[in-house]
Amino acid sequence: MGKPVESLKDVTIRFAGDSGDGMQLVGNELANTSALIGNDIGVLPDYPAEIRAPIGTLPGVSGYQLHISSEDIHTPGEKYDALIAMNPAALKMNIENLKPNGVLIVNLDSFKARNLQLARYDENPLENGSLDKYQVFSVDMTALTRNALIDLKLSSKVADRCKNFFALGMVFWLYNRNMDHAVSFIKTKFAKRAELAEANLLALKAGSSYCEMTEQFATSYEVKPAKLPPGKYRNLTGNTAVAMGVIAASQKSGLPVFLGSYPITPASEILHELSRFKNFGVRTFQAEDEIAAICSTIGAAYAGALALTTTSGPGLALKGEAVGLAVMTELPVVICNIQRAGPSTGLPTKTEQSDLMQAMYGRNGEAPLPVLAASRPADCFETAYEACRIAVKYMTPVIFLSDGYIGNGSEPWPVPRVGDLPEIPVEFAKDAESFAPYLRDEETLARPWAIPGTPGLEHRIGGLEKDAVTGNVSYSARNHEYMTTMRARKVEKIANELPKLEIDGADQGELLVVGWGSTYGTLKTAVERKQAQGKSVSRIHLRFLNPLPNDLGEVLGNFKKIVVPEINSGQLVRLLRDKYLVSAISYSKMQGLPFFSSEIETRIDEILGE
Amino acid sequence: MGKPVESLKDVTIRFAGDSGDGMQLVGNELANTSALIGNDIGVLPDYPAEIRAPIGTLPGVSGYQLHISSEDIHTPGEKYDALIAMNPAALKMNIENLKPNGVLIVNLDSFKARNLQLARYDENPLENGSLDKYQVFSVDMTALTRNALIDLKLSSKVADRCKNFFALGMVFWLYNRNMDHAVSFIKTKFAKRAELAEANLLALKAGSSYCEMTEQFATSYEVKPAKLPPGKYRNLTGNTAVAMGVIAASQKSGLPVFLGSYPITPASEILHELSRFKNFGVRTFQAEDEIAAICSTIGAAYAGALALTTTSGPGLALKGEAVGLAVMTELPVVICNIQRAGPSTGLPTKTEQSDLMQAMYGRNGEAPLPVLAASRPADCFETAYEACRIAVKYMTPVIFLSDGYIGNGSEPWPVPRVGDLPEIPVEFAKDAESFAPYLRDEETLARPWAIPGTPGLEHRIGGLEKDAVTGNVSYSARNHEYMTTMRARKVEKIANELPKLEIDGADQGELLVVGWGSTYGTLKTAVERKQAQGKSVSRIHLRFLNPLPNDLGEVLGNFKKIVVPEINSGQLVRLLRDKYLVSAISYSKMQGLPFFSSEIETRIDEILGE
Amino acid sequence: MSTLEKSASNGSAELKLTKKHFESDQEVRWCPGCGDYSILAQTQRTLPGLELDKEKYVFISGIGCSSRFPYYMNTYGFHTIHGRAPAIATGVKAVNPDLSVWVITGDGDSLSIGGNHLIHMLRRNVGLNVILFNNRIYGLTKGQYSPTSEFGKITKSSPFGSVDHPFNPVSLAIGAGATFVARTMDRDPAHMQKVIKTASGHEGTSFVEVFQNCNIFNDGAWLKYTEKEKRADNVVYLEQDKPLVFGANRDKGIRLDGFRPEVVSIADGKYGESDLLVHNEKDEDATYSFILSHMMDNPELPVPLGVFRCVDKMPYERALNEQVDAARKKMGEPDLQALLDSGDTWEVK
Amino acid sequence: MSTLEKSASNGSAELKLTKKHFESDQEVRWCPGCGDYSILAQTQRTLPGLELDKEKYVFISGIGCSSRFPYYMNTYGFHTIHGRAPAIATGVKAVNPDLSVWVITGDGDSLSIGGNHLIHMLRRNVGLNVILFNNRIYGLTKGQYSPTSEFGKITKSSPFGSVDHPFNPVSLAIGAGATFVARTMDRDPAHMQKVIKTASGHEGTSFVEVFQNCNIFNDGAWLKYTEKEKRADNVVYLEQDKPLVFGANRDKGIRLDGFRPEVVSIADGKYGESDLLVHNEKDEDATYSFILSHMMDNPELPVPLGVFRCVDKMPYERALNEQVDAARKKMGEPDLQALLDSGDTWEVK
Ligand SMILES: Cc1ncc(C[n+]2csc(CCOP(=O)(O)OP(=O)(O)O)c2C)c(N)n1
Ligand SMILES: Cc1ncc(C[n+]2csc(CCOP(=O)(O)OP(=O)(O)O)c2C)c(N)n1
Ligand code: SF4
Ligand code: SF4
Ligand SMILES: [Mg+2]
Ligand SMILES: [Mg+2]
């Protein structure tokens, strides 16, 4: 390694190739390696539509973007420092966001007439000077990989599949990453197919050696470990974090998990994850549709399980009627909605925050329930855990919101100690003497949880309005008004136990940025940059969208202006304007993409300048 | 008729009896007779739960309330001038609202131990002085009816079923109604069963003669015809009016009606009504569920029909996902939601306005659509017609809201002349040269309606985001933002053609009462009373809830205070506060019942006095 | 493994249960004369004879007149939403297989809006007992045609006659993979009790269709079978290993011509009992029960009552819970901290 | 009355249609090797041979890989929402019975979320042509088990094996009252074209199951039937009035033992063709087709391909529109003013 090593604060790398090129796999592996050596990371897997397109076409391009940093970061980066493009289509789709003078590594073999045509290039971009502002490295990856594997006597089809690891090897060299983790990863992943394990290992090493040997790269770079708070870390996606959070809540509460779910992008991974933990007593039921999914969940909650259902927007729409039943019967059901871009089928693999209003109001009648949103992949753990805790404490359905961006995205997660998790005490009703199905706990207004099988507590519940004590059907006008009020009050009561809002910045000033959900990282980055420039801007981020925190009104009142950036047409902003009569401004983006912090910064400047 | 006749401005009469006693039938007949002689009327049919309860019990009581007036009225009245109670349970459930000194007619035979017990009376109220403040007329109706029919040799079971007409006969006498209409009604109704026709006629006449002959009533009353605007009138319920409105829209537009529906209280009557008009080309499809109902409707709209679906709250919840598809494919579908008390199954036969938020937001993603609400039974015609017109003009799904109160309620309807109805011009796309599936009309932003079968216009649509011109699937970020904006803007554009708001009262002042939907009559009555007292209070009533009228902000701004009375926990008020940042006050009632104007008046006084 | 095994808990076991114990304090609110009363009574009469404590019973219904049923049973009860009872019951049974879970439903509830959940419950063979109150009408919403109403039926929503062909509920269930299918009727209490009892003992889904009269909106729909005088000639009672004999004088029987059932007289000597179809509810092959189910569609044949089919197949909740047990055995007791700490972790100092 | 009658309109009639005319300008986006390509190609090849103008075709799909199909057909197309295509198609056909309406669906789309609409379409016998792409997996959502996946199947959502028993789609359809049921496969283009053509000519609902390979998530699911070498021994082609003969040497046949099909050799002289089951898709009695449908569940029997059942029954849209016509005839042309003015009206002066 005789070449100079330059130290960088952070770097953003984008792998792009055909859907079949294994970009997600190697991107993810680089993320894990980087996390393991102590970098902070932010990732953005960027699949094409759910359907696989023909090889080499523009819609078939799959991308994986990774932000590696020596500091605490909150986003997967915007413009890339390096782009690895495995074919012309990948180049075309991604070159726009490569920084000037950025590193561009292309797989030269793929720049042939047919592929250029599929990518709708009239001429070869490697030859017409259009890439002059980048550091272009055209590498014959296919040939080099085949060459490296020659002894293994694999078919060229199989050998060619290894070129993603060749590319990864190059990147490892370029950014001075240690290959140990990747080596053991390959060994585990291909444990049952030794020849593939060996092939990929050879390819990986070949990529690295290629850089070492050739004069291609003048410099290599390194990104020092970030100064994260001490502790044990693990890299995980938001969807996995939800699964972990639910299992943790199950273990702490002593309730077995029941998941009723119907697959849907981008929520299916929670079902996949949870279905693996049968030894934790997790029962997963792949239902015939979303309605059966939530209904089985309601049944499971009724029978005493920690019951949840997972879905995305269109599925939540289907569940509306049944959510109302859970509200009426006051059963603890957690409804996880991993949002995607709508309306209708919309853009299923793209992210959006456009189901907040649906979560608040998407069912008949007055049917209020708590709504929580996770802010980052790792926060999915805590928020899902909290959703479970609130559901069983208050005997209420709860909607947990996340989205494709944080559901698929990953980041280092400080692994919690079990002992530090909040308790989730659960007591089923037992005493026939004192039991009445709707007699509420004075503090929480929760009704008792009396599960079938308990002697002496036989009772009937249902979706018709119930008497305030016995739970029998009641057509009384006064009772209906009372019960409607109690259902609302129970939800409002939760606000009493919410912690004081954390204000990032001064607690009064010119501008307050109010966020919720997956915009957390971007908003934090943008606001901190502006604060560093001495701007009077602060930021809060809401986990609870219903009820809103008790101190929110006061906090809002301390700022001259309020802006609410959302990946929708402005939904939280409506709730705030309605409730607090503050002239909060909506800043909305509806492109199926997260915000860039630059966009937020510009908007902050505009508002402050107005 | 030697007894004195006293003239009344208006009178409120309540028939109450067991579900099997035929109270709805005779109540309705009195309504029709009164309407025919030119009274203005307001009615409130008040069924028990959908299920029939055992005879004689409190939950089995069925009521029909009728307000007859010589003036223009807007409500079915509050306290009754006369109550006809066919059994103790009916008495118990209704006596509370009989005015002091009101006329109370009871069917004496039914006040036996068993019935008293079923009604939970410890002692006979006819005997313990508890009814002293009323004019009580205990009539042996059962015996008198049997007696009147003795020649017919009917079983006593059959004879007893006629006692409702005996009671009606009494009321006819008491209020000096002409019996001609009732006679012909009975003849038609029992055309196929001559002995029943005769029996009921005899009972009717016996009831009347009984009053004429006995000394029971010292006085009889009359209510002179109201001074309604000249024209042809007809008495009809809100649900029938919807059916008529849709057929009218069909005839004016030249589009055949397709209704896809699944029965549900209180919306089923629209399905029943429409299914009768096959000769108008109306096709009704009783679907397997609400999802199939709206989906078939979407298919019918796609194929070029005037397509609608009818339901109530829980059904609307089920339709959410499909409504999103209609938004995305921009097809004209009318969704009629006849609201009932929720959440969940709630109180299916009771009224509520609690689905406004669901109509606005009850589906995934950003999926805006026009929302209209009818204000009175007769207005259901015009509003349903308008919903159809808007749907086809703007190529958009439209939600039409009504509720159980006006859906079941009836009032005199000035029958419109077909020539006076607004035109509904429809042009299907034909020209293959200029056709693009999402090329919008500049004025309305509507896309073309190109129905299958048209040569040369073959194209594909669907729930994925579409390209702004071709309608092909598009994953472009910018296109998604553009299309999301266009879908919203199209709905907003409708506001440009809304008439100026009609302000009842001064156009500025202390207090503005803002209403929507079925509260119309009550709010009008209450506000006019307060105006008569010189209070500075005005009133507007919204038909369009989305988009809100362009001049609404200005109108709101001209009042110091704003109150929004709603039969829900405050839904429209949220939309107003959010949009206009006005501190509008919610006045909500959630008892499954309409407001009483006295309640509104009191609230107005309170607010003005604050 | 049977869900009906005696519970060892300190339940109501000592008590000798009677019909009274299964009557709740709620007033029964069906129309006088409604067939639902009989189904309720037979259920209340049958359960005390089964070996389970009262608190182990859960009655789950959808929406409809019939679905009010749980309110009247002094057991656990859940009156849910329209059509969804099978899905909700599946959740209950999956979590607690020891419960005896009953699904109460109507022809609209289970065959119209709830059709999908019904067929999926059947294919999964979830251990639920389904009682379908078939009155061939929507009772609660006051008389529209249902998926079992006859083609051409005139109702409130079909003034010119329905243009829908009806389902044959038993054929549908068999096509969906049902392991237990039976039929009984409101007007034959003893038979109904027997069927309910048999159904409760089946380990997978037991599906029982009950001919139920709605005397308000569809009076007499089943008169041909329920009237004492006509019953003998129009109904054939199924008994295991017995030939299909019927008729007031038990002089008629069902014989198969290929796979087409036909009525033959066993009085005139041409055919004897040995020529007749012998009932075998245990036949693994679903064809036999499918043939029986279609007898309903041929007005010349009597309608079979009793158990059409009763075969063993892994029930859903057993397979599910066996996986949990096996995983526990293989992977050991759950350790949450170990789970959280698993995967690639690193330490920041 | 047939929906396939030549339209008299000024359509594309003069043009001689070819496969090319049915190809849209959209890039086909299935995985290379996916069985969907063949189904698309056979459809595009078959339609030009039918007697209908191009604009009369409507392809309506739900959601799934398969449901992308309409984008590739240069006809009217509607890619709707998951499971709902039959309901949407019913609306189209009810309004315009002259259209040839096709429902394109997957095993998840039609048998999981869309199961209810499927069975109701079948019982109503709506004049739609259904092509069910059965790959026994959820393709689009990347590989979960579907309602046709085998018990015990290991997938992303069933790492310990699925505990669901699968549907037999053909049995389900027959149980629901299907009037036309057929099966073909992606790897037999000629057969598929024949089946598609036959299906399009049926007046009620035609239901066609296609064995389709998902080479990404469930590769080889149908290998036993699709591989040229194995096909002859594992598949029996159904032909009207022909005995069920199969085998590479056409030396085996299907005989009925009671109503249980069994394989017999017709080579060794013990049985001849006359002992075999003779195919009769016209059999009104559904039992015969039900027996065929269950051959799939017995690994010792070959799987039937071809038309199982094809019988006449009033289709929904015809009955519906006949009512409209009859009402028009009886009540005369609609007069809106008269309608509004009807009932009890009175005049205020
Ligand atoms: C989502 C929803 N749709 C519709 C209804 C209205 N509804 C209630 S019961 C019923 C049908 C009842 O028929 P059935 O299941 O046969 O029961 P029955 O009353 O005849 O016993 C309908 C359509 C409802 N309650 N909920
Ligand atoms: C309401 C809703 N739920 C779930 C999904 C996710 N989803 C899309 S396709 C699909 C299943 C596809 O399986 P199948 O119908 O067999 O089609 P294939 O992809 O195998 O052709 C699912 C679950 C969705 N799009 N919409
Ligand atoms: S309406 Fe019919 S089914 Fe319902 S309770 Fe009355 S008789 Fe029974
Ligand atoms: S995932 Fe399977 S079904 Fe879908 S396109 Fe690919 S091969 Fe075909
Ligand atoms: Mg019924
Ligand atoms: Mg599939």
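## Considerations on the overall build of chain A
When you go through chain A residue by residue, the secondary structure sums to 20 helices and 22 strands. Seen along its three principal axes, the alpha-carbon backbone of chain A occupies a region of about 85 × 60 × 45 Å. Counting over 610 residues, chain A shows a buried share of 69%. A sequence separation of at least 24 residues applies to 76% of the contacts in chain A between residues at least 6 apart. About 19,500 Å² of surface is accessible on chain A, with carbon and sulfur atoms providing 49% of the total. Of the charged side chains in chain A, 62 are positive and 70 negative; the average position of the first set lies 3 Å away from that of the second.

## A word on the pairing of strand β6 (residues 206–211) of chain D
Residue and element names in this part refer to chain D. When you tally the buried positions in β6, you get six out of six residues, the bulk of the element. Across the two faces of β6 the burial is the same, with S206, V208 and V210 and F207, E209 and F211 all buried. One ladder, built from six bridges, connects strand β4 (residues 128–134) with β6; its direction is parallel. Within the sheet, the bridge partner assigned to I131 lies in β6 and is V208. Where strand β5 (residues 180–185) lies against β6, six bridges are found, and the strand directions are parallel. Directly across from T184, in β6, lies its bridge partner V210. Following the chain from β5 across helix α7 (residues 189–201) to the adjacent parallel β6, one finds a crossover that is right-handed.

## As for the coordination of the magnesium ion (ligand 5)
All names here are of chain C. Distances from the magnesium ion (ligand 5) to its protein donors, D107 (OD), N135 (OD1) and I137 (O), fall at 2.1 to 2.2 Å. For the magnesium ion (ligand 5), all donor residues lie on one chain, and their spacing in sequence is D-x27-N-x1-I. Placement of D107 in helix α3 (residues 107–113) and of N135 in the loop between β4 (128–134) and α5 (169–175) is noted, with a sequence separation of 28 residues between them. Among the residues examined, N135 registers a relative accessible area of 7% and is labelled buried.

## Some details on the coordination of the magnesium ion (ligand 6)
Protein-derived coordination of the magnesium ion (ligand 6) comes from D107 of chain D (OD), N135 of chain D (OD1) and I137 of chain D (O), at a distance range of 2.0 to 2.2 Å. Taken in chain order, the donor set of the magnesium ion (ligand 6) reads D-x27-N-x1-I.

## Examining the relation of the copies chain B and chain A
Under the fitted operation, chain B is carried onto chain A by 0.1 Å of movement along the axis and a turn of 180°, and the coordinates agree to an RMSD of 0.1 Å. What the superposition gives is, in effect, a two-fold axis relating one chain to the other. Comparing interface residues between copies, 100% of those in chain B also sit at the interface in chain A, which points to an isologous, same-surface contact.

## Some words on the interface of chain B and chain A
Every contact between the two is made by 61 residues of chain B and, on the other side, 61 residues of chain A. Carbon and sulfur atoms make up 60% of the area that chain B and chain A hide from each other, which totals about 5,000 Å². Connecting chain B to chain A are two salt bridges. Taking the shortest distance from any N to any O, the salt bridge between D578 of chain B and R577 of chain A comes out at 3.3 Å.

## So, the state of the cysteines
All names here are of chain A. Counted under the stated rule, the structure contains zero disulfides over all chains. You can see C162 has no disulfide; the closest cysteine sulfur is in C211, sitting 17 Å from it. Distance from the sulfur of C388, which forms no disulfide, to the nearest cysteine sulfur (C336) is 7.2 Å.

## Points about the environment of E481 of chain B
Within the secondary structure, E481 of chain B is located in helix α16 (residues 477–493). Given the relative accessible area of 19%, E481 of chain B is considered buried. For E481 of chain B, the side chain forms a polar contact with the main-chain nitrogen of M590 of chain A, separated by 2.7 Å.

## Topic: the packing of aromatic side chains
Under the defined criterion, the tally for this structure stands at 46 aromatic pairs over all chains. Ring geometry for Y233 of chain B against W346 of chain D: centres 5.9 Å apart, planes inclined by 20°, an arrangement best described as stacked. One end of the pair, Y233 of chain B, is in strand β9 (residues 231–237); the other, W346 of chain D, is in strand β12 (residues 345–348), on a second chain. A relative accessible area of 3% means that Y233 of chain B is categorised as buried. Every member of this aromatic cluster is reached through a ring pair, and the members are F59, F69, W102 and F133 of chain C. Taking NZ or CZ as reference, R603 of chain B lies 5.6 Å from the ring centre of Y587 of chain B, over its face. In this structure, R123 of chain C packs its charged tip against the face of F167 of chain D, placed 5.1 Å from the ring centre.

## Remarks on the domain arrangement of chain C
Residues and elements named next belong to chain C. Under the domain assignment used here, chain C contains domain 1 (15–242 + 279–325) and domain 2 (244–278). Between domain 1 and domain 2, the C-alpha centre-to-centre distance is 28 Å. Between domain 1 and domain 2, roughly 1,100 Å² of surface is buried when both sides are summed, and carbon and sulfur atoms account for 72% of that area. If you sort the residues of domain 1 by the area they bury against domain 2, D233, I291 and L301 come out on top, with a joint share of 35%. At the boundary of domain 1 and domain 2, one finds one salt bridge. Between K252 and D233 there is a salt bridge; the shortest N-O distance is 3.0 Å. Where domain 1 meets domain 2, there are four residue pairs in polar contact (both at pLDDT 80 or more). If you list the elements that add at least two residues to the side of domain 1 that touches domain 2, you get α8 (228–234), β7 (235–237) and α9 (287–294). Top contributing element to the side of domain 1 that touches domain 2 by residue count: α9, with three residues. Across the side of domain 1 that touches domain 2, the residue classes break down as 10 nonpolar, two polar and four charged.

## Here we look at the site of ligand 2
Around ligand 2, the structure places 21 residues, and the nearest of them are E290 of chain A together with C65, S66, D107 and D109 of chain D. Between ligand 2 and E290 of chain A, the relevant distance is 2.4 Å, taken from a nitrogen atom to a side-chain nitrogen or oxygen of the residue. Taking N135 of chain D, its side chain carries an N or O atom lying 3.0 Å from an oxygen atom of ligand 2. The biggest single contributor to the shell around ligand 2 is helix α4 (residues 107–113) of chain D, with three residues.

## Concerning the site of ligand 3
Near ligand 3 there are 11 residues, and of these C31, C34, C65, C214 and N215 of chain C occur at the shortest range. Near ligand 3, residues from chains B and C are present, making the site a shared one. Classifying every residue of the shell around ligand 3 gives seven nonpolar, three polar and one charged.

## What about the packing of helix α4 (residues 141–148) of chain B against helix α6 (residues 163–174) of chain B?
All names here are of chain B. Running from amino to carboxyl end, α4 crosses α6 at an angle of 100°, the nearest separation of the two axes being 9 Å. The orientation of α4 with respect to α6, classified from their angle, is roughly perpendicular. Two secondary-structure elements touch here, α4 through M141, T142, L144 and T145 and α6 through K163, F166, A167 and M170. Its residues placed into classes, the contact of α4 with α6 shows five nonpolar, two polar and one charged.

## Here's the deal with the packing of helix α11 (residues 290–302) of chain B against helix α12 (residues 313–329) of chain B
Describing two packed helices takes the angle between their axes plus the distance from one axis to the other. Residue and element names in this part refer to chain B. Relative orientation of the contacting elements α11 and α12 amounts to 30°, with a least axis distance of 8 Å. Taken together, the axis directions place α11 and α12 in an arrangement best described as roughly parallel. Like other packed secondary-structure pairs, α11 and α12 cross with a definite hand, here right-handed. Along its contact with α11, which presents E290, I291, A293, I294, C295 and I298, the element α12 presents G315, L318, K319, A322, V323, L325 and A326. Class assignment of the residues belonging to the contact of α11 with α12 gives a composition of 10 nonpolar, one polar and two charged.

## Let's talk about the sheet that holds β4 of chain C
Reading across the sheet, the nine strands line up as β17(A)-β2(C)-β1(C)-β3(C)-β4(C)-β6(C)-β5(C)-β11(C)-β7(C) and stay open at both edges, with mixed pairing between neighbours. Single-partner strands in this sheet number two, and they are β17 (460–462) of chain A together with β7 of chain C. Taken over all neighbouring pairs, the strand axes of this sheet differ in orientation by 20° on average, direction set aside. Pairing analysis gives four bridges linking strand β1 (residues 57–61) of chain C to strand β2 (residues 76–79) of chain C, with the strands arranged parallel. Bridge pairing in β2 of chain C places F59 of chain C opposite G77 of chain C. Sitting on the sheet, helix α11 (residues 290–302) of chain A touches β17 of chain A together with β1 and β2 of chain C, and the angle it makes with β2 of chain C is about 155°. Lying on the sheet, helix α12 (residues 313–329) of chain A is in contact with β17 of chain A together with β2 of chain C; it crosses β17 of chain A at an angle near 140°.

Criteria and cut-off values
- Residues numbered from 1 in each chain as written.
- Chains lettered and ligands numbered in written order.
- Predicted model: local features only at pLDDT ≥ 70, side-chain atom pairs only at ≥ 80, totals over all residues.
- Heavy atoms only, no water.
- Helix = DSSP H or I, 4+ residues; strand = E, 2+ residues; numbered from the N terminus.
- Buried < 20%, exposed > 50% of the residue type's maximum accessible area, 1.4 Å probe, protein only.
- Contact = heavy atoms within 4.5 Å.
- Areas by Shrake-Rupley, 256 points an atom, 1.4 Å probe, with all protein chains shown as cover.
- Lys, Arg positive; Asp, Glu negative; His and termini not counted.
- Charge placed at Lys NZ, Arg CZ, Asp CG, Glu CD.
- Pairing = 2+ DSSP bridges.
- Right-handed = clockwise from strand over helix to strand, strands pointing away.
- Donors = N, O, S within 2.8 Å, 3.2 Å for Na, K, Ca; no water.
- Least-squares fit on C-alpha atoms with pLDDT ≥ 70 in both.
- Buried area = accessible area lost by both parts, 1.4 Å probe.
- Salt bridge = Lys/Arg side-chain N within 4 Å of Asp/Glu carboxyl O.
- Disulfide = S-S within 2.5 Å.
- Polar contact = N/O pair within 3.5 Å; in protein donor to acceptor, adjacent residues only side chain to side chain.
- Phe/Tyr/Trp six-rings, centres within 6.5 Å; stacked < 30°, edge-to-face > 60°.
- Lys NZ or Arg CZ within 6 Å of the ring centre and 35° of its normal.
- Domains from an automatic or database assignment.
- Nonpolar A, V, L, I, M, F, W, Y, C, P; charged D, E, K, R; others polar.
- Near = heavy atom within 4 Å.
- Axes fitted to C-alpha atoms, helices over the stretch in contact; angles between N-to-C directions.
- Parallel < 35°, antiparallel > 145°, perpendicular 65-115°, else oblique.
- Left-handed = near helix turned anticlockwise from the far one by under 90°.

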